Structure formats: structure tokens, C-alpha cells
Amino acid sequence: MAATIEVRNLSHTYSVGTPFQHDAVKHLSFTVERGEFLGIIGHTGSGKSTLIQHLNGLLKPTEGDVLLDGESIWKDKLTTRAARFRVGLVFQYPEYQLFEDTVFQDIAFGPKNMGLKEAEIRQRVLRAADFAGVDRSVLDKSPFDLSGGQKRRVAIAGVIAMEPEVIVFDEPTAGLDPAGCASLLENIRAYRQATGATILMVSHSMDDVARLADRLLVLNKGQVEMMGKPSEIFTRAQRLREIGLNVPQVTTLFLRLKELGAPVDPATYTVEDALEQLLRLKGGGRRA
């Protein structure tokens, strides 16, 4: 696959020249392939939020660059503006950014700024509402009359309506109950499957990123600690714990089973794979 996003030697320093100067991210380099689902994990203060704000030009690097399809997003003003539509960013608690009189108008805000015609805007709003799980019956209602979970979906629909090639989610399930989390993550998974969009998701839930991500980027103190498939990352449980992270509950269980001599794969990180192995063990099968 071709890289759609390339981060080159990215550094960002806040409050330069003051007593509060500090490096939030330092010399980050990695690529994200077209259509990939990349999970971004790291301890609080590891630089996750600073990093993702560079991906569509909300923050400008102190050093380094961000390339979109091989072209710097800072090439010129028009390229930077285009990047903000091509890479959609869903902030943590995005429902706090709702402000229009109706749900429809809130979802339509981005497409209107793109200069699209009214008919195209309406089609995009309806498609985005469906993808995000927003019932069309609420489109004429005030977003402030909705529940917290519904507001979250409206805010996400507002980003989807711009039909970006890349969507970056910052803790999209924060504050939701388990049922709401599962439903929203399924909407994100279905959207990616239907559109082929590239997805990046910051999360503190190891179980969520293990289930959804193709690869994981692990940040530690503003730098890339490791990057690879979930099966590669979660076998390094000790190192993850040393930098303030954990592993999925299933992985913790299977690492312990392996220590006790059970013929299981310690790189197990999904419930489905765990069940398959346990059924094989019960049936007398062996899996190294």
C-alpha cells in the first residue's frame, strides 16, 4: 500500500523562549498507509494530542514536516486549507463544539465552508447522519436537546460530512457507557469498511485498539517507543507497563497461561482468538 500520511522528523515545542518551554513531541517519524486503521496509544502527556493536531495543520511543527500523498501540507496556504478538509479531526468530547440551531445545520457546517451547492450539502448531511448513527428524525431539532451520546454522534457526522480521506479520532468513546462505546466503535468500523477511509484513533482502551487497529503507534515522552501490529506490540507487556500502559485483558490472561506451561499463543489479544484456542485445548488440540 502507498503511504497517505508521512510524518518526518516532527518536533513541537510550546512556549519557546519562556520558563515554561517544553518539547511536546520530539523527532517523530512514521507513515500511515492508505486505508489503514492506526491506533495511537501512550501515557498521559506522551504527546498524542499534540501529534494529531499537526496532521491537518492545526499546529505547525517547530521542526520537521507532515506530508499528505507525498506533498507537504505546508507547501502554501491553499494546500494547508485543503488538508483541513482532507484530514478530518474529531476532538475529544466534540459535542462541546456544537453551536448551530439545528442538527442539520451543525452537520452541514463543514460542507458549506467547502463551497458546495445546497443539493450536494443535503446529500452529504444525510449520508453522514446515517454513518454516524444519527436518526434523520432529529435533523430539525436543536442539538442541545439531545443526549450526550447523540450529541457526540452529531459532532462526528459533521466531520464525516466533509468526506475526508483521513479521519483522526481523539478518544471517541470517552465518557460513554459500555453500550454506547460498542455502538460508536461499530459505526467507525462500518464507515471505514464502506468508504475505504484511513482512520487514526487515539485511545486509552487497549481492548478497543487491539480489536480495531491494523497497527499501533506507541508514544512515550513525546517520542516513538514502538510501532507494529497489535500482536507484536502486546507481547512486550512488560515494557508497556514500564511506560504507564497496559495490555488487553485477554493478553494478560494468555501471558499468564503461557507462564504456567499452557500451549497457548501469548500474542493473543482478541476474545475471538482466545475462544478458538481454548476450544482447541478442550478438544485436545495443541497450538504453539
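First, a word on what this report is: a plain description of the structure on this page. These numbers were taken from a predicted model, which means no experiment stands behind them. (Residues numbered from 1 in each chain as written. Predicted model: local features only at pLDDT ≥ 70, side-chain atom pairs only at ≥ 80, totals over all residues. Heavy atoms only, no water.)

Attention now goes to the overall build of the protein chain. The number of helices and strands found in the protein chain is 11 helices and 10 strands. Taken over the C-alpha trace, the protein chain has a radius of gyration of 21 Å; the compact-globule value for 288 residues is 19 Å, and the two agree within 12%. Taking the principal axes of the C-alpha coordinates as reference, the protein chain spans close to 65 × 50 × 35 Å. Buried residues in the protein chain amount to 49% of all 288 residues. Carbon and sulfur atoms provide 51% of the accessible area of the protein chain, an area that totals close to 14000 Å². When the 35 positive and 36 negative side-chain charges of the protein chain are each reduced to one mean point, those points stand 3 Å apart. (Helix = DSSP H or I, 4+ residues; strand = E, 2+ residues; numbered from the N terminus. Rg over C-alpha atoms; globule rule 2.2 N^0.38 Å. Buried < 20%, exposed > 50% of the residue type's maximum accessible area, 1.4 Å probe, protein only. Areas by Shrake-Rupley, 256 points an atom, 1.4 Å probe, with all protein chains shown as cover. Lys, Arg positive; Asp, Glu negative; His and termini not counted. Charge placed at Lys NZ, Arg CZ, Asp CG, Glu CD.)

Ile107, Val134 and Phe234 are the most contacted members of the largest nonpolar core, which has 52 residues in total. The contact partners of phenylalanine 234, leaving out residues within four places of it in the chain, are Met206, Val209, Ala210, Leu216, Leu240, Asn246, Val247, Pro248, Thr251, Leu255 and Tyr269. By size, the runner-up hydrophobic cluster in this structure holds 24 residues, among which are Leu10, Leu55, Val166 and Leu200. (Core = buried A, V, L, I, M, F, W, Y, C linked by side-chain atoms within 4.5 Å. Contact = heavy atoms within 4.5 Å.)

Pairing within the open sheet is mixed, and its six strands lie in the order β6-β7-β8-β3-β9-β10. In the strand order of this sheet, the two ends are held by β6 (87-90) and β10 (223-228), each with one partner. The average angle at which neighbouring strand axes cross in this sheet is 15°, direction not considered. Examined bridge by bridge, β6 and strand β7 (residues 166-170) share four bridges and lie parallel to one another. Each bridged residue has a counterpart across the sheet, and for leucine 89 the counterpart in β7 is valine 168. Across the sheet, helix α5 (residues 148-160) is in contact with β6 and β7; its angle to β6 comes to roughly 170°. Helix α6 (residues 178-195) rests against β3 (37-42), β7 and β8 (198-202) of the sheet, and its axis sits at about 155° to β8. (Pairing = 2+ DSSP bridges. Axes fitted to C-alpha atoms, helices over the stretch in contact; angles between N-to-C directions.)

Compared with an ideal rise of 1.5 Å per residue, which puts 18 residues at 26 Å, α6 spans 26 Å between its outermost C-alpha atoms and is within 8% of the ideal. Considering only its buried residues, α6 is in contact with β3, α4 (118-132), α5, β7, β8 and α7 (206-212). Just downstream of α6 lies glycine 196, where phi reads positive at about 75°. (Expected span 1.5 Å × (residues − 1).)

Burial of β3 is extensive: six of the six residues sit out of reach of the surface. Burial of the side chains of β3 extends over both faces: Phe37, Gly39 and Ile41 are buried on one face and Leu38, Ile40 and Gly42 on the other. As paired strands, β3 and β8 are joined by four bridges and run parallel to one another. Following the sheet pairing, glycine 39 is matched in β8 by methionine 201.

Bringing the pattern of salt bridges into the picture now. Should their charged atoms come close, side chains of opposite charge can pair. Enumeration over the complete set of coordinates arrives at 19 salt bridges. A salt bridge links glutamate 276 to arginine 280, with the nearest nitrogen and oxygen atoms 2.7 Å apart. Taken together, the residues span about one helical turn, with glutamate 276 and arginine 280 both in helix α11 (residues 271-282) at a distance of four residues. Looking at arginine 280, the relative accessible area reads 39%, which means it is partly exposed. By sharing partners, the salt bridges in this structure join Arg34, Asp69, Arg86 and Glu165 into a single network. (Salt bridge = Lys/Arg side-chain N within 4 Å of Asp/Glu carboxyl O.)

We now examine the packing of helix α3 (residues 103-113) against α5. For the pair α3 and α5, interaxial distance at closest approach is 6 Å and the crossing angle is 35°. Of the two elements, α3 crosses α5, and the hand of that crossing is right-handed. From α3, Val103, Asp106 and Ile107 reach across to α5, where they touch Val154, Ala157 and Gly158. The residue inventory of the contact of α3 with α5, partitioned by class, reads four nonpolar, one polar and one charged. (Left-handed = near helix turned anticlockwise from the far one by under 90°. Nonpolar A, V, L, I, M, F, W, Y, C, P; charged D, E, K, R; others polar.)

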